[in-house]
Amino acid sequence: MIEARCYPRHVKTDAGEIEFRLMSRVDEPAVLDFARKLPTHDLLFLPRNISQPKVLSAWIAEIERGDIRSLLAVQGGKIVGCGTLVRDPHSWSPHVGEIRMVVSLEVRGQGVGRALSQETFALALGAGLEKLSVQMTVDQQAAIALFESLGFKAEALLRDHVQDVDGKTHDIVMLGHNVAQVRAQMEAYGLPGAVQP
């Protein structure tokens with residue numbers, strides 16, 4: 001297992017300096033405000049609507065239990081993104097983690113999403129996970145390209161899997177990354193540090 005990362009961490013992006021820190025209960029009002037400003041379509045790939053107070057409260061409870069780790073991307077005291085690593089050590093897939101990520105409209109295309117996805121990926125490596133997955137609607141081409149650039153590959157297409165507030169259904173694409181395989185290949189080539197954060 002890779003050494004745990006320390007927070008807060010600061011990264012430079014085209015949007016300026018971003019602070020990454022772990023989410024906690026004190027962030028609940030600010031995260032709710034952030035979620036409510038996102039286009040509804042951006043929330044469709046999440047299992048629940050995080051712009052609802054009861055859903056956000058349940059999310060915080062899962063963080064406090066240790067089932068989820070969520071990173072906030074903060075700029076000037078304002079949340080501009082959130083990356084979450086979800087895993088279930090009691091399931092048949094304790095070696096698998098799911099990355100969920102949303103970024104505010106005002107910083108998109110400025111490297112914040114890339115930095116946040118890399119930081120969330122590093123959390124997964126630190127947790128010793130062997131496989132990662134991510135899902136999004138098929139029209140979120142920039143997000144798909146971002147995760148493909150990190151080594152994720154399409155694994156499934158779920159037709160009409162989510163329904164928006166107007167009742168329209170949308171397809172979801174699931175991408176996966178076999179971290180253990182990549183780590184083994186790097187070690188075989190004598191580059192064990194290549195996949196470390």
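Residues numbered from 1 in each chain as written. Predicted model: local features only at pLDDT ≥ 70, side-chain atom pairs only at ≥ 80, totals over all residues. Heavy atoms only, no water.

With respect to the packing of aromatic side chains
Under the definition given, this model contains 2 aromatic pairs. Each ring, one from Phe-121 and one from Phe-152, has its centre 6.2 Å from the other, and the planes form 75 degrees; the classification is edge-to-face. A residue pair is termed long-range when its members are at least 10 positions apart, and Phe-121 in helix α4 (residues 112-126) and Phe-152 in the loop between α5 (141-149) and β7 (153-163) qualify at 31 residues. A relative accessible area of 13% places Phe-121 in the buried class. Phe-152 gets classed as buried once you look at its relative accessible area, which sits at 2%. Residues Phe-147 and Phe-152 carry aromatic rings whose centres are separated by 5.3 Å and whose planes lie at 85 degrees to one another, so their mutual orientation is edge-to-face. Assessed through its relative accessible area of 2%, Phe-147 is described here as buried. (Phe/Tyr/Trp six-rings, centres within 6.5 Å; stacked < 30°, edge-to-face > 60°. Helix = DSSP H or I, 4+ residues; strand = E, 2+ residues; numbered from the N terminus. Buried < 20%, exposed > 50% of the residue type's maximum accessible area, 1.4 Å probe, protein only.)

Brief notes about unusual backbone geometry
Here the amide bond leading from Tyr-7 into Pro-8 is cis, since omega sits at 5 degrees, within 30 degrees of zero. In this structure, Pro-8 sits in the segment before β1 (9-13). Backbone geometry at Asp-160 places phi at a positive 50 degrees, although glycine is not the residue there. If you trace the backbone, Asp-160 turns up in strand β7.

Observations regarding the packing of α4 against α5
The geometry of α4 relative to α5 is characterised by a closest axis approach of 11 Å and an angle of 45 degrees between their N-to-C directions. In terms of axis orientation, α4 runs oblique to α5. In this structure, the crossing between α4 and α5 has a hand that is right-handed. Where α4 approaches α5, its residues Gly-113, Arg-114 and Ser-117 are matched on the opposing element by Leu-146, Phe-147 and Ser-149. (Axes fitted to C-alpha atoms, helices over the stretch in contact; angles between N-to-C directions. Parallel < 35°, antiparallel > 145°, perpendicular 65-115°, else oblique. Left-handed = near helix turned anticlockwise from the far one by under 90°. Contact = heavy atoms within 4.5 Å.)

Overview of the sheet that holds β1
Strand order in the open sheet formed by 8 strands is β1-β2-β3-β4-β5-β6-β8-β7, with mixed pairing between adjacent strands. Only two strands of the sheet have a single partner each, and these edge strands are β1 and β7. On average, each strand axis in the sheet is tilted by 25 degrees relative to the strand beside it, whichever way the strands run. With 5 bridges joining them, β1 and strand β2 (residues 16-22) adopt antiparallel strand pairing. Pairing of Val-11 across the sheet is with Ile-18, part of β2. (Pairing = 2+ DSSP bridges.)

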